[in-house]
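Fold and geometry: a report
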Amino acid sequence: MGHGEDLERDGFVILDGLLAAAELAAAREHADGLLDGVGWSDNDFDGRRTRRVYSLLGRLGPLEPLLLHPVVRAIVTERIGPVHQFGMLFLSAVDPGQGAQQPHFDAGVYPLPRKVEAETNVIWALDDFTADNGATLVAPGSHRWPAARHPAADELVPVVMPAGHALVYSGRLWHAAGHNRSRATRRALICEHVLPWLRPADNHILATGVEGLRTIGPQLRRLAGVAMASEYLGLVAGRDPELWLTERP
Ligand SMILES: O=C(O)CCC(=O)C(=O)O
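The residue count restarts for each chain, going from 1 along the sequence in the order it is written. Note on the predicted model: pLDDT of at least 70 is required for a residue's local features to be given, and 80 or more for side-chain atom pairs to be given and counted; whole-chain, interface and lining totals, by contrast, use all residues. Side-chain numbers come from the whole structure's heavy atoms, not from hydrogens or water.

Comments concerning the pairing of strand β2 (residues 50–53)
Which entries qualify depends on this criterion: Between buried and exposed lies partly exposed: a residue is buried under 20% and exposed over 50% of the maximum accessible area for its type, with that area taken using a 1.4 Å probe on protein chains only. In this description a helix means any DSSP run of H or I spanning at least four residues, a strand means any run of E spanning at least two, and both kinds are numbered starting from the N terminus. We treat two strands as partners when DSSP finds at least two bridges between them.
Burial along β2 is two-sided: the face carrying Thr50 and Arg52 and the face carrying Arg51 and Val53 are both buried. By the bridge criterion, 4 bridges tie β2 to strand β3 (residues 85–94) in an arrangement that is antiparallel. Note that in β3 the partner of Arg51 across the bridge is Ala93.

Put into structure tokens, the structure is as follows:
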């Protein structure tokens with residue numbers, strides 16, 4: 001069965017074999033550098049034993065091929081269309097002792113009917129995800145649940161996968177970071193992809209800045225939101241934002 005059918009049925013799919021060993025090693029090393037010196041989050045949802053790094057677009061380095069991976073791009077395009085943008089984008093390091101996160105579905109930030117597929121998201125495992133170290137918990141099939149239904153504890157199962165695998169899931173799927181009972185940190189690169197006419201959870205334009213946006217590649221720039229969502233949506237001073245940015249001194 002194809003990735004699209006799995007995603008439609010279960011609300012998620014696990015992709016393997018997308019990264020060469022050297023690509024994964026470089027991504028992990030770069031992630032370590034970005035996480036160095038970062039403190040734990042200051043709230044229960046993000047995790048008081050979890051370190052998060054945002055504003056990545058100007059300093060992606062070897063993480064860039066993960067964000068632009070053609071297999072992930074193809075699945076996202078099939079689900080939410082060719083014009084989409086990054087939503088929340090961050091590195092997450094779930095440290096030992098971090099309890100399980102509150103279950104949620106990412107598209108819950110939008111006041112939309114449950115049946116709207118507003119997001120297709122990806123969690124890249126930078127370490128092996130195990131049942132002990134906080135592997136993401138998912139409620140299979142929950143992307144089709146009605147609004148009032150929340151997962152019971154026994155409906156959440158850990159997504160056990162080796163480093164380098166990617167969990168691609170619907171923005172309607174109930175999930176949570178798991179409890180890290182191990183002695184090692186569980187790192188992930190987490191990236192949402194959102195319909196172009198919605199406000200993204202992260203403001204990539206402000207975080208990256210005009211000069212920063214000029215220095216990243218056009219594909220990343222489009223995903224950062226420098227793109228027309230439709231003929232009259234996304235203009236800057238009446239112009240296509242890509243032209244405004246790149247043709248302006
Ligand atoms: O780290 C994970 O496994 C999931 C995190 C997550 O869903 C979130 O923070 O919104």
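From this point, things continue past the structure.
Here's the deal with the site of the ligand
What counts, and what does not: One heavy atom within 4 Å of a molecule or strand is enough for the residue carrying it to be called near that molecule or strand. Polar contact criterion, stated in full: a pair of N or O atoms within 3.5 Å, where within protein one must be able to donate a hydrogen and the other to accept it, and residues adjacent in sequence count only if both atoms are side-chain atoms. All accessibility values rest on the Shrake-Rupley procedure with a 1.4 Å probe; residue burial counts only the protein chains present in the view. The pocket and cavity definitions rest on a 1 Å grid over protein atoms only: a 1.4 Å probe that fits but cannot leave marks a cavity, an open set with protein on both sides within 12 Å along at least five of seven lines marks a pocket, and residues lining either have an atom within 4 Å of a point. More than half of a molecule's atoms lying within 2 Å of a cavity's or pocket's grid points is what places that molecule inside it. Any residue that is not Ala, Val, Leu, Ile, Met, Phe, Trp, Tyr, Cys, Pro, Asp, Glu, Lys or Arg is counted as polar, Gly included; the first ten are nonpolar and the last four charged.
Taken together, the neighbourhood of the ligand is formed by Phe45, Arg52, Phe90, Gln101, His104, Ile123, Thr136, His175, Ala177, Arg186 and Ile190. Here Arg52 contributes a side-chain N or O atom positioned 2.4 Å from an oxygen atom of the ligand. Interatomic distance of 2.9 Å between a side-chain N/O atom of His175 and an oxygen atom of the ligand. Relative to its free-state accessible area of 290 Å², the ligand is covered by the protein chains to the extent of 94%. With respect to the pocket detection grid, the ligand is positioned in the second largest pocket. For the shell around the ligand, the per-class residue count stands at 5 nonpolar, 4 polar and 2 charged.

A word on the sheet that holds strand β1 (residues 12–15)
So the rule is basically this: Axis definition: a line fitted to C-alpha atoms, limited for helices to the stretch in contact. Angles are taken between N-to-C directions and run from 0 to 180 degrees.
Spatial ordering of the open sheet is given by β1-β7-β4-β9-β3-β2, a layout of 6 strands whose pairing is antiparallel. Pairing within the sheet leaves two strands with one partner each, and these edge strands are β1 and β2. If you compare each strand with its neighbour and ignore which way they point, the axes differ by 20 degrees on average. Here β1 pairs with strand β7 (residues 166–170) via 4 bridges, running antiparallel. Residue pairing in the sheet places Ile14 in a bridge with Leu167 of β7.

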